[in-house]
Amino acid sequence: TIPWELSLLVDLQGLNLGKNALKGSIPTEFGDLENLDFLHLATNVLTGTIPTEMQQFTLLNHLDMSGNEFEGTIASGIGRLTGLTELRLYNNSLTGSLPTELGLLSTLTYLSLYKNSFTGTLPTELGQLLKLQNLFAYSNQFKGTLPTEIGKCTDLKILSLYDNTFSGTLPT
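A closer look at the sheet that holds strand E2 (residues 23-24)
Two modes of strand pairing occur in sheets, parallel and antiparallel, and in both the strands are linked by backbone hydrogen bonds. Across the sheet, 7 strands lie side by side as E2-E4-E6-E8-E10-E12-E14; this open sheet has parallel pairing. Every interior strand has two partners, whereas the edge strands, E2 and strand E14 (165-166), have only one. Relative to strand E8 (residues 93-96), strand E6 (residues 69-72) runs parallel, the two sharing 2 bridges. Bridge pairing in E8 places Gly72 opposite Leu94.

Here it is as structure tokens:
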């Protein structure tokens, strides 16, 4: 279990608890860690939803919550994390559509959402991520056509969307 008392470390800038056997949910008190620049909780057995209090992490640069058992959706408040360069939420049990507010993360270079249960179409707002270099969204339940706006992401080096149910023609 992640002790809620860690939230008392209000000057903390980096927290790496990855590759442990931590169970349970993220304490809602973590929203008090407003100075975090780096949060790595990957490869644990964490459950529950991603606390909405985390949208207060406006200084966050790197967020890795991959390889856990998180459920629920990505809240629209993700758009407040405008300093993010890396967002890794892969290999969880996240569901629902991606929020259009992902397009507000203008400094994002790495977005990894694979092996979840996301549905719906890819938001056209992903085309606003002009610094995006890597987008991994394979092994979900996305459908529909690929947004033509993805062509605006001219820094994109890797686009991995296999194992979904996209249809239609490829954007030109």
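Section: the pairing of E6
The sheet contact formed by strand E4 (residues 45-48) and E6 spans 2 bridges and is parallel. Note that in E6 the partner of Thr47 across the bridge is Glu69.

Section: a negative patch on the surface
A grouping of Glu5, Glu29, Asp32 and Glu34 is seen on the molecular surface, where their side chains present a negatively charged patch. By the element assignment, Asp32 lies in the loop between E2 and strand E3 (38-40).

What to know about the sheet that holds strand E9 (residues 110-112)
One open sheet accounts for 7 strands, arranged E1-E3-E5-E7-E9-E11-E13; its pairing is parallel. The open sheet has two free edges, formed respectively by strand E1 (14-16) and strand E13 (158-160), since each of these has just one partner strand. Taking each pair of neighbouring strands and ignoring which way they run, the sheet shows an average axis angle of 10°. Bridge analysis of E9 against strand E11 (residues 134-136) gives 3 bridges, and the strand direction is parallel. Within E11, the residue paired with Leu111 across the bridge is Leu135.

Brief notes about the packing of aromatic side chains
Under the criterion given, the structure shown has 7 aromatic pairs. On the numbers, 6.4 Å between centres and 70° between planes, the contact of Tyr114 with Phe136 is edge-to-face. With a gap of 22 residues between them, Tyr114 in the loop between E9 and strand E10 (117-120) and Phe136 in strand E11 connect regions that are remote in the sequence. Aromatic side chains Tyr138 and Tyr162 sit 4.4 Å apart centroid to centroid with 10° between the ring planes, which places their arrangement in the stacked category. Within this pair, whereas Tyr138 is found in the loop between E11 and strand E12 (141-144), its partner Tyr162 is found in the loop between E13 and E14, the two being separated by 24 residues in sequence. The class of Tyr138 is buried, set by a relative accessible area of 13%. Members of the aromatic cluster, connected to one another through ring pairs, are Tyr90, Tyr110, Tyr114, Phe136, Tyr138 and Tyr162. We note Arg88 situated over the ring of Tyr110; from NZ or CZ to the ring centre the distance is 3.9 Å.

Quick look at the pattern of salt bridges
Applying the stated criterion across every chain, the model contains 1 salt bridge. Of the charged contacts, one joins Arg88 and Glu86 as a salt bridge, the two residues approaching to 2.8 Å between their closest N and O atoms.

As for empty space enclosed by the protein
Evaluated as defined, the whole model comprises 1 cavity of 30 Å³ or more. Size it by volume and the largest cavity reaches roughly 30 Å³. Residue composition of the lining of the largest cavity, grouped by class: 7 nonpolar, no polar and no charged.

The rules behind each value
Residues numbered from 1 in each chain as written. Predicted model: local features only at pLDDT ≥ 70, side-chain atom pairs only at ≥ 80, totals over all residues. Heavy atoms only, no water. Pairing = 2+ DSSP bridges. Helix = DSSP H or I, 4+ residues; strand = E, 2+ residues; numbered from the N terminus. Patch = residues over 30% accessible without salt bridge, like charges linked within 9 Å, V, L, I, M, F, W, Y side chains within 5 Å. Areas by Shrake-Rupley, 256 points an atom, 1.4 Å probe, with all protein chains shown as cover. Salt bridge = Lys/Arg side-chain N within 4 Å of Asp/Glu carboxyl O. Lys, Arg positive; Asp, Glu negative; His and termini not counted. Charge placed at Lys NZ, Arg CZ, Asp CG, Glu CD. Axes fitted to C-alpha atoms, helices over the stretch in contact; angles between N-to-C directions. Phe/Tyr/Trp six-rings, centres within 6.5 Å; stacked < 30°, edge-to-face > 60°. Buried < 20%, exposed > 50% of the residue type's maximum accessible area, 1.4 Å probe, protein only. Lys NZ or Arg CZ within 6 Å of the ring centre and 35° of its normal. 1 Å grid on protein atoms, 1.4 Å probe; cavity = no way out; pocket = protein on both sides within 12 Å on 5 of 7 lines; lining within 4 Å. Points joined across faces, edges and corners; volume = space filled by probe spheres on them. Nonpolar A, V, L, I, M, F, W, Y, C, P; charged D, E, K, R; others polar.

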